[in-house]
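# Analysis of the macromolecular model
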Amino acid sequence: MTLCDIMVDLLGLTGKVLNIPSALLGMTLLSWSNSSGDMWADLAIAKLGMGTTALTACYAGPLFNILMGLGIALCLTTFNESAEFSLIESPASLIANVWIMISLIVAIAVITKTKGVF
């Protein structure tokens, strides 16, 4: 168990004790603490002079997690005939979906405008 895992568990426990909705924790504190390990790895790679690799890792790691995690879960749910699901079940999940779309659009616009050179 790494320090990052302990941080995530501690924040989850804090949310349960303080009655903070899990969707709010997931969009803020848990996502930040879950990404802290990637941040340190990306900083180490950038300090070695491989900035492009570090920048690519910032997007590729979370994108892979989202595509594989949601992709597998949604495929399994779709193949199960009795299951009904919705991506937007609450106002918090709507906000999360809109935030993901906005951040992806901004990232694509910035990368396109700068032609990938920072």
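What comes next is a walk through the structure. These figures come from a predicted structure and were not determined experimentally.

## Notes on the overall build of the protein
For the protein, the helix and strand inventory stands at 6 helices and 0 strands. Overall, the protein shows an N-to-C arrangement of helices and strands of α-α-α-α-α-α. Taken across its 118 residues, the protein has 8% of its residues classed as buried. As displayed, the protein offers around 9400 Å² of accessible surface, 73% of which is attributable to carbon and sulfur atoms.

## A short note on the packing of helix α4 (residues 36–47) against helix α5 (residues 51–79)
The interhelical angle for the contact between α4 and α5, taken along N-to-C directions, is 160°, at an axis separation of 7 Å. As summarised for this structure, α4 and α5 are arranged roughly antiparallel, according to the angle between their axes. Our pair here, α4 against α5, has a crossing hand that is left-handed. Across the interface between the two elements, Asp42, Ile45 and Ala46 of α4 pack against Gly51, Thr53, Ala54, Ala57 and Cys58 of α5. Taken together, the residues that form the contact of α4 with α5 break down as 5 nonpolar, 2 polar and 1 charged.

## Some remarks on α4
With 12 residues, α4 should cover 16 Å at 1.5 Å per step; its first-to-last C-alpha distance of 17 Å lies within 8% of that length. Of the residues one or two after α4, Gly49 is the one with positive phi, at around 95°.

## Structural notes on the environment of Ala44
Relative to the helices and strands, Ala44 is located in helix α4. Residue classification places Ala44 among the partly exposed positions, given a relative accessible area of 40%. Between the alpha carbons of Ala44 and Ala54 there is a distance of 8.4 Å; along the sequence they are 10 residues apart.

## As for unusual backbone geometry
Despite not being glycine, Asn19 shows a phi value in the positive range, around 60°. Relative to the assigned elements, Asn19 resides in the loop between α1 (3–17) and α2 (22–27).

## Description of the environment of Gly12
Here Gly12 shows up in helix α1. In this structure Gly12 comes out as partly exposed when scored by relative accessible area, which is 21%. C-alpha of Gly12 to C-alpha of Leu29: the two residues are 17 residues apart in sequence and 9.1 Å apart in space.

Here is what the cut-offs are and how they apply
- Residues numbered from 1 in each chain as written.
- Predicted model: local features only at pLDDT ≥ 70, side-chain atom pairs only at ≥ 80, totals over all residues.
- Heavy atoms only, no water.
- Helix = DSSP H or I, 4+ residues; strand = E, 2+ residues; numbered from the N terminus.
- Buried < 20%, exposed > 50% of the residue type's maximum accessible area, 1.4 Å probe, protein only.
- Areas by Shrake-Rupley, 256 points an atom, 1.4 Å probe, with all protein chains shown as cover.
- Axes fitted to C-alpha atoms, helices over the stretch in contact; angles between N-to-C directions.
- Parallel < 35°, antiparallel > 145°, perpendicular 65-115°, else oblique.
- Left-handed = near helix turned anticlockwise from the far one by under 90°.
- Contact = heavy atoms within 4.5 Å.
- Nonpolar A, V, L, I, M, F, W, Y, C, P; charged D, E, K, R; others polar.
- Expected span 1.5 Å × (residues − 1).

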